[in-house]
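The chain contents come next:
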Amino acid sequence: MIFRTVIILWKMLASTRRERTPIDRRTGYTEDRSGLEAKPKERLMPRTLQERLDQVEREIELYLEFDKAEKIRLNRESYLWAAEDRIEWQEMQSANAQRVRELLEERDALRRQLGL
């Protein structure tokens, strides 16, 4: 019985060989085709002000796209929501708006530093 278990485990191990592709520039992660977690890129923080500016602008775009999708969802589904759901949605929108304001201030500061 133990021998059979060892053989099964060995076959499972052999079948899960990792095949990795190069690091994805956008996400900074390697693709792991075996389904196991990928390792992050060595450098997580941007090296230059321009890289940080690009990162902040991408974050702003994501927040604005999310906000647009959430407002569409509100118009489509809000009649089904309980009062607690509406309050939670408003709190989330308020927190997201605050984060966008912070990102806009950071973007302006980076632009001033870069002389743009």
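Scroll up to find the structure this text is about.
Below you will find a few notes about this structure. Keep in mind that what you see is a predicted model, and the values were worked out from it rather than measured.

**Side note on the overall build of the protein**
The number of helices and strands found in the protein is three helices and two strands. Classification of the 116 residues of the protein by burial places 14% in the buried group. At a minimum sequence separation of 6, the contacts of the protein that also span at least 24 residues come to 40%. With an accessible surface of roughly 10,000 Å², the protein has 55% of that area assigned to carbon and sulfur atoms.

**Considerations on the packing of aromatic side chains**
By the definition in use, this model includes one aromatic pair. Between the aromatic rings of Trp81 and Trp89, the centroid separation amounts to 6.3 Å while the plane-to-plane angle is 45°, which identifies the pairing as tilted. The exposure class assigned to Trp89 is buried, which follows from its relative accessible area of 12%.

**Digging into the nonpolar core**
Core analysis: the largest hydrophobic core is formed by five residues, namely Leu53, Val56, Ile60, Leu103 and Leu110. Elements represented by at least two residues in this core include exactly α2 (49–77) and α3 (83–114). If you tally residues by element for this core, the top one is α2, at three residues. Look past the residues within four positions of Leu103 in its chain and what remains in contact with it is Val56, Glu59, Ile60 and Tyr63.

**A look at α3**
For α3, which comprises 32 residues, the first-to-last C-alpha distance of 46 Å matches the rise-based estimate of 46 Å (1.5 Å per residue) to within 8%. If you check which residues of α3 are buried, you get Trp89, Gln93, Asn96, Val100, Leu103 and Leu110. Looking at the buried residues of α3, the elements they touch are α2. Of the residues flanking the end of α3, it is Gly115, one or two places downstream, whose phi is positive at about 75°.

**Brief notes about a negative patch on the surface**
Residues Glu84, Asp85, Glu88 and Glu91 make up a contiguous surface patch of negative charge. Relative to the helices and strands, Glu91 resides in helix α3.

**A look at the packing of α2 against α3**
Helix packing geometry: the angle between the two helix axes and the distance between the axes. At a minimum axis distance of 9 Å, the contact between α2 and α3 shows a crossing angle of 155°. Viewed along their axes, α2 and α3 adopt a mutual orientation that is roughly antiparallel. Note that α2 runs across α3; the crossing there is left-handed.

**What to know about α2**
Across its 29 residues, α2 extends 41 Å between first and last C-alpha, which sits within 8% of the 42 Å expected from 1.5 Å per residue. Every buried residue of α2 is accounted for by Leu53, Val56, Ile60 and Glu70. Elements that come into contact with the buried residues of α2 comprise α3.

About the cut-offs
- Residues numbered from 1 in each chain as written.
- Predicted model: local features only at pLDDT ≥ 70, side-chain atom pairs only at ≥ 80, totals over all residues.
- Heavy atoms only, no water.
- Helix = DSSP H or I, 4+ residues; strand = E, 2+ residues; numbered from the N terminus.
- Buried < 20%, exposed > 50% of the residue type's maximum accessible area, 1.4 Å probe, protein only.
- Contact = heavy atoms within 4.5 Å.
- Areas by Shrake-Rupley, 256 points an atom, 1.4 Å probe, with all protein chains shown as cover.
- Phe/Tyr/Trp six-rings, centres within 6.5 Å; stacked < 30°, edge-to-face > 60°.
- Core = buried A, V, L, I, M, F, W, Y, C linked by side-chain atoms within 4.5 Å.
- Expected span 1.5 Å × (residues − 1).
- Patch = residues over 30% accessible without salt bridge, like charges linked within 9 Å, V, L, I, M, F, W, Y side chains within 5 Å.
- Salt bridge = Lys/Arg side-chain N within 4 Å of Asp/Glu carboxyl O.
- Lys, Arg positive; Asp, Glu negative; His and termini not counted.
- Charge placed at Lys NZ, Arg CZ, Asp CG, Glu CD.
- Axes fitted to C-alpha atoms, helices over the stretch in contact; angles between N-to-C directions.
- Parallel < 35°, antiparallel > 145°, perpendicular 65-115°, else oblique.
- Left-handed = near helix turned anticlockwise from the far one by under 90°.

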